[in-house]
Amino acid sequence: MAAVGDTGGMCDCQCEQRCESVCKRGGPAGSGRVRMWFEEEIEENLRWVFGVTNILHTGVSEFQDIELLESGPFGKVLVLDGKLQSAEADEFVYHESLVHPALLYHPQPKRVFIMGGGEGSTARECLKHSSVETLEMCDIDKEVVEFCRRHLTINRDTFASPRLKLIINDALEELRSRTDEEGYDVIIGDLADPVDGGPCYKLYTESFYTTLLKPRLNPGGILVTQAGPAGILSAREVYTPIYNTLRQVFKYVVPYAAHVPSYADTWGWIMASDTPFPEMAAADVDTRIQQRVDGELRFLDGSTMLAVASLNKHLRNLCAMETTVYTEDSPLFIHGLGTQQTHEKK
């Protein structure tokens, strides 16, 4: 996170700290207006900037830098390792797209496992499905989970649900320990993007999918994972390699994507299974939503679900031509550094 402006100084955002790295005076000379800006370096020569009205929390956990900000255009935003993870104004686009296609395609999802998801929004969407009896959310970072539990009031009922079991652990190690237990109908990867020095890149590798994740799926089970930016210029960073990696492991792989305004890009998700995905018309999807989902979805319906799976020609070609397989020996990262690498460079 960085600043844009003229001069530093104490902010008036009630953050009770001197935050020179993010607070700068802006606006016309002599206006007296104090403005703050969030700046994310998307690529070496490309940055994404928007106004911030309040710094609600900053900190460093064992695994990542944490910031919760109040922004002008996007409401509250959660930032990990300098990368915007979720914004109040449009998080429903990301989380509905991540959760509902897989749960709607599965005939009766009863047991669901979430890798990551510490803010609680993915669990919130899963709990809208009446068929879900057991929902386990496994996040490595207790500080992130506890902060989101306290401050993201939209998910307060989610964390209190008796159907939710919260686990603080590395999802890789947690799944490794589940050899003798009942499997899952759907496994959801709501992981941070793979950044150099971040905690999550091993959970996108072929070996993880093959040896640890796939054996934990019940027959007919579905994996769905967020897979990073899927824009015209950004898809080859990690999206198409993750897609090709899953093709080495599963018989049926479905990529899909939608624009998320706060991410300043099209975002991608990928479903995978060894069971064919049923062909459903828009009306069929709407019927399943009506029968299975409690409450109204804000983004996803039958027509939208078909639309997000209709990738543009360029992205389809990139997926078809991709040959890279994501491994621990040759990992790929999106632009940016995790906490470990950042601190090593200081």
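Refer to the structure presented above.
Figured I'd write up the structure that's included with this text. (Residues numbered from 1 in each chain as written. Predicted model: local features only at pLDDT ≥ 70, side-chain atom pairs only at ≥ 80, totals over all residues. Heavy atoms only, no water.)

**Points about the packing of helix α1 (residues 91-105) against helix α8 (residues 282-292)**
Okay, so step 1: Closest axis-to-axis distance for the α1/α8 pair is 11 Å, and the angle between their directions is 95 degrees. As summarised for this structure, α1 and α8 are arranged roughly perpendicular, according to the angle between their axes. Contacts between α1 and α8 pair L103, L104 and Y105 from the former with V285, R288, I289 and R292 from the latter.
Okay, so step 2: When its residues are assigned to classes, the contact of α1 with α8 shows five nonpolar, no polar and two charged. (Axes fitted to C-alpha atoms, helices over the stretch in contact; angles between N-to-C directions. Helix = DSSP H or I, 4+ residues; strand = E, 2+ residues; numbered from the N terminus. Parallel < 35°, antiparallel > 145°, perpendicular 65-115°, else oblique. Contact = heavy atoms within 4.5 Å. Nonpolar A, V, L, I, M, F, W, Y, C, P; charged D, E, K, R; others polar.)

**Regarding helix α7 (residues 239-247)**
One turn of the α-helix equals 3.6 residues, which is why residues spaced by three or four share an orientation.
Okay, so step 1: Taken across its nine residues, α7 has eight buried, putting it largely inside the fold.
Okay, so step 2: For α7, the set of buried residues is Y239, T240, P241, I242, Y243, N244, T245 and L246. (Buried < 20%, exposed > 50% of the residue type's maximum accessible area, 1.4 Å probe, protein only.)

**As for the packing of aromatic side chains**
Aromatic rings considered in pairs are described by the distance between their centres and by the relative angle of their planes.
Okay, so step 1: Applying the stated criterion across every chain yields a total of 13 aromatic pairs.
Okay, so step 2: Geometrically, the ring pair formed by Y94 and W269 is tilted, given 5.9 Å between the ring centres and 55 degrees between the ring planes. Here W269 lies in strand β13 (residues 265-273) and Y94 lies in helix α1, a separation of 175 residues in the sequence. Both residues of the pair, Y94 and W269, count as buried.
Okay, so step 3: Here F113 and Y184 contribute two aromatic rings whose centre-to-centre distance is 5.1 Å and whose plane-to-plane angle is 50 degrees, an arrangement assigned as tilted. Of this pair, F113 sits in strand β7 (residues 111-116) while Y184 sits in strand β10 (residues 184-190); the two residues are 71 residues apart in sequence, bridging distant segments of the chain. Y184 shares its class with F113; the two are buried. (Phe/Tyr/Trp six-rings, centres within 6.5 Å; stacked < 30°, edge-to-face > 60°.)

**What to know about helix α3 (residues 142-151)**
Okay, so step 1: V144, V145, F147 and C148 are the residues of α3 that are buried. On an axial view of α3, the arc spanned by its buried residues comes to 170 degrees, and they lie on one face. Looking at α3, the residues exposed on the side facing more than 90 degrees away from the buried face are K142 and R150.
Okay, so step 2: The opening residue of α3 is D141, an N-cap whose side-chain oxygen sits 3.2 Å from the backbone nitrogen of E143. (Arc of directions from axis to C-beta. Polar contact = N/O pair within 3.5 Å; in protein donor to acceptor, adjacent residues only side chain to side chain.)

**Looking at the sheet that holds β7**
Okay, so step 1: Read across the open sheet, the seven strands follow the order β9-β8-β7-β10-β11-β13-β12; overall the sheet is mixed. If you trace the sheet from one side to the other, it starts and ends with β9 (164-168) and β12 (252-260), each paired once. The sheet shows a mean angle of 15 degrees between the axes of neighbouring strands, taken without regard to direction.
Okay, so step 2: Against the sheet, α1 touches β10, β11 (217-229), β12 and β13, its axis set at about 160 degrees to β10. (Pairing = 2+ DSSP bridges.)

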